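Per-entry structural report
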Amino acid sequence: MTHTLLSSPLQGFTDFRFRNTFHKYFGGIDTFYAPYIRLNGKLEIKSNYEIDILPKNNKSLTVIPQIMTNSADEFIFVAKYIQQFGYNELNWNLGCPYPMVTNKGMGSGLICDSTKIDHILDRVHSETNIIVSMKMRMGYENNEEILYTFPILDKYPLKNIAIHARIGKQLYEGGVDLEGFQRCLENTAHKIYYNGDITSFSRFQEMKELFPSIDHWMIGRGLISDPFLPFMIKNESAEYPEDRFELFSKFHDTLLSEFEQKLSGEKHLIMKMLQYWEYFATSFSDPQFIIRKIRKSKSLRAYDDNVKNILEYEKANVY
Ligand SMILES: Cc1cc2nc3c(=O)[nH]c(=O)nc-3n(C[C@H](O)[C@H](O)[C@H](O)COP(=O)(O)O)c2cc1C
């Protein structure tokens, strides 16, 4: 079976700069989901959302935009807006777990409201020709909420439902609920994609054995923690390429220079890179040491030196 790998959206991480840089050096991802577009009551798209999905910024990538909303008007507005750029699919985020979102009945806080989901899908399908796909958790309070929603979802020609096998209340704590995920597979006619905690090649192998019918896999944090992961999965081997650290270094430098164009001031730039390093470091030998080094970088020059030393040390100690 061929496996399709999807980059799960990470707001603040997987913007077009990351996507392009990732694709250039590592590859292995078939489709990238852009982080969500959220309107706050006004039918207006903020410029940073637009920049992220503009075709000229995503030339060699396959990208699917995403919306987070509980309003049919907003959904229809964004669907028509992205269609002008040539997109024909809009992914709906019913997964976000944060109380600021769920308390407003959005993200995973909307899963329990099948009447509203029905109303939105009904209007979207009758007023636009956009293809809708879903990305959801299994519920907010418990993993049965999704089971009550499936009969509604089954009424619509959704492209797929990507399920992050957790509930909203968990945030990112605890493990993924694989029994709950299995129950989902048995209770909907829709195509299901798996999402959650694919962090290594061996973890992917385990999931593949547990869910032999799944051929679409969404990877979020694992992609940043170990950008070689999609390559390994596609290559069916846990081996890194021989030039692992050279490649990583080129990827890193390109990402840095991309953000240099966007952010003003060395401090902001280092803070941005630190966010990535909190993930990158986990596939290196001493994550805490690396984070301390990056955090203590007081200038871009110090940061560059630290990164160089970290990569040289890793290279010398891994081989
Ligand atoms: C910092 C961060 C930002 C995220 N932003 C989004 C987002 O914009 N849209 C979305 O559907 N999910 C978002 N997620 C959830 C991830 O896409 C993914 O579903 C989740 O992390 C589980 O997959 P993973 O274990 O492979 O990371 C975000 C997660 C994190 C940690």
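Here the structure is shown first, and the text comes after it.
The present account deals with the structure reproduced in this document. (Residues numbered from 1 in each chain as written. Predicted model: local features only at pLDDT ≥ 70, side-chain atom pairs only at ≥ 80, totals over all residues. Heavy atoms only, no water.)

**Regarding the pattern of salt bridges**
Here the structure, examined in full by the defined rule, presents 14 salt bridges. Here Asp52 and Arg19 are joined by a salt bridge, their closest N and O atoms 3.2 Å apart. A residue pair is termed long-range when its members are at least 10 positions apart, and Asp52 in helix 2 (residues 47-53) and Arg19 in helix 1 (residues 16-25) qualify at 33 residues. Asp52 gets classed as buried once you look at its relative accessible area, which sits at 8%. A relative accessible area of 0% means that Arg19 is categorised as buried. Among the ionic pairs, Arg221 bridges to Asp197, the shortest N-O distance being 3.0 Å. Linking Arg221 in helix 9 (residues 221-225) with Asp197 in the loop between strand 7 (192-195) and helix 8 (201-210), this pair joins segments that are 24 residues apart in sequence. A residue is classified by how much of its surface remains accessible, and Asp197, at 21% relative accessible area, is partly exposed. (Salt bridge = Lys/Arg side-chain N within 4 Å of Asp/Glu carboxyl O. Helix = DSSP H or I, 4+ residues; strand = E, 2+ residues; numbered from the N terminus. Buried < 20%, exposed > 50% of the residue type's maximum accessible area, 1.4 Å probe, protein only.)

**Observations concerning the environment of Gly86**
With respect to the element layout, Gly86 can be found in the loop between helix 3 (72-83) and strand 4 (89-94). Each C-alpha atom, one on Gly86 and one on Pro55, is 8.1 Å from the other, the two residues being 31 residues apart in sequence.

No statement about biological role is implied by the geometric values presented.
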